[in-house]
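Structural overview
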Amino acid sequence: MTASPAQVYAIRYARREALSRDHFYGLDPHDGSPMPMDYFIWAIVGDYRPIIVDAGFTPETAARRNRTLMNDPIEVLAGLGVQAADVEHVILTHLHFDHSGHLGSFPNATFWLQEKEMAFWTGRYASRRDIGRNAEPGDIAELVRLNYDHRVRFVDGDEAVNDYVHVWYVGGHTPGMQVVSAETPGGRVVLASDAAHYYETIEEDRPYSVLHCVPEMYRAYDRIMEIAGPTACVIPGHDPLVFDRYPAVNAELDGKAVEISVK
Ligand SMILES: [Zn+2]
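Residues numbered from 1 in each chain as written. Predicted model: local features only at pLDDT ≥ 70, side-chain atom pairs only at ≥ 80, totals over all residues. Heavy atoms only, no water.

What the chain contains, in helices and strands, is eight helices and 13 strands. The C-alpha atoms of the chain give 17 Å as radius of gyration, which agrees with the globular expectation for 263 residues (18 Å, within 12%). Projected onto its principal axes, the C-alpha positions of the chain cover 50 × 40 × 35 Å. Classification of the 263 residues of the chain by burial places 55% in the buried group. Taking as baseline every contact in the chain between residues at least 6 positions apart, the subset at least 24 positions apart corresponds to 67%. A total of about 11300 Å² of accessible surface is found on the chain, and carbon and sulfur atoms cover 48% of it. A gap of 5 Å separates the mean positions of the 23 positive and 38 negative side-chain charges of the chain. (Helix = DSSP H or I, 4+ residues; strand = E, 2+ residues; numbered from the N terminus. Rg over C-alpha atoms; globule rule 2.2 N^0.38 Å. Buried < 20%, exposed > 50% of the residue type's maximum accessible area, 1.4 Å probe, protein only. Contact = heavy atoms within 4.5 Å. Areas by Shrake-Rupley, 256 points an atom, 1.4 Å probe, with all protein chains shown as cover. Lys, Arg positive; Asp, Glu negative; His and termini not counted. Charge placed at Lys NZ, Arg CZ, Asp CG, Glu CD.)

Written as structure tokens, this is what we have:
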């Protein structure tokens, strides 16, 4: 398996206005100052067919959940030169609704997820209110169907997607939470997705308010920093600061896509 270092893009498709006190677990001292939440998918592009990390949510899900879409992430991908039909792998970091929506937009992809994650969302606790509200049953059902079409790649732990892209089990936020690393020309980038919602959650060691297991969340922070190694380049899953820290790909994609690079 040969491949070369990749370009990594963050694509922003939605924003939710929120307050800082909404985002932190337990008896947290954060106040009511604005702290919006942005929604992303990520693209890894090298000399192989494109790899997408997470699948966002659909307009139907947005309407049902009162979320406002800023754009269609599949169109933004096309603007980056990535045609959804060419995508070979879609890595699903976990199965919350904002990461599992556009499965049907990738007709030729294999969907990577941790066995534990699928077991959880098809298991006995998925229907309990404060758990089930975080998932879209239609997306979960679609993954069950895709599995029967041999299009789900179950992972138990850590695995290489190719020489330059790896998935790593971390747990914490959900039972089968995984993160993704990609080797770029400047070194390793870790797409933490919701294993670290904001820079502040991982840098200040303050878990996000929605989580499966507190000790595992802390362990996930440690593991992510180990995986990142010397670059310490960790991209959080929902932080608007990502678009402040990295440049727009071009004027047309301003506000929609940035290229992640090691600084
Ligand atoms: Zn999320």
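Look at D54: it is not a glycine, yet its phi comes out positive at around 75°. Structurally, the position occupied by D54 is in the loop between strand 3 (48-53) and helix 1 (59-64). Residue class for D54 comes out buried when judged on its relative accessible area of 0%. Here the phi dihedral of S193 falls at roughly 45°; this positive angle occurs in a residue that is not glycine. Among the structural elements, S193 can be located in strand 11 (residues 187-193). A relative accessible area of 0% places S193 in the buried class.

Under the counting rule described, the total for this entry stands at eight aromatic pairs. Centre to centre, the rings of Y39 and F57 are 5.3 Å apart; their planes meet at 75°, and the pair counts as edge-to-face. In this pair, Y39 sits in strand 2 (residues 37-46) while F57 sits in the loop between strand 3 and helix 1, placing the two residues 18 residues apart along the sequence. Judged by its relative accessible area of 2%, Y39 falls in the buried class. The rings of Y13, Y39, F57 and F97 are connected pair by pair, giving a single aromatic cluster. Positioned above the aromatic ring of Y169, the side-chain terminus of K116 is 4.2 Å from the ring centre. (Phe/Tyr/Trp six-rings, centres within 6.5 Å; stacked < 30°, edge-to-face > 60°. Lys NZ or Arg CZ within 6 Å of the ring centre and 35° of its normal.)

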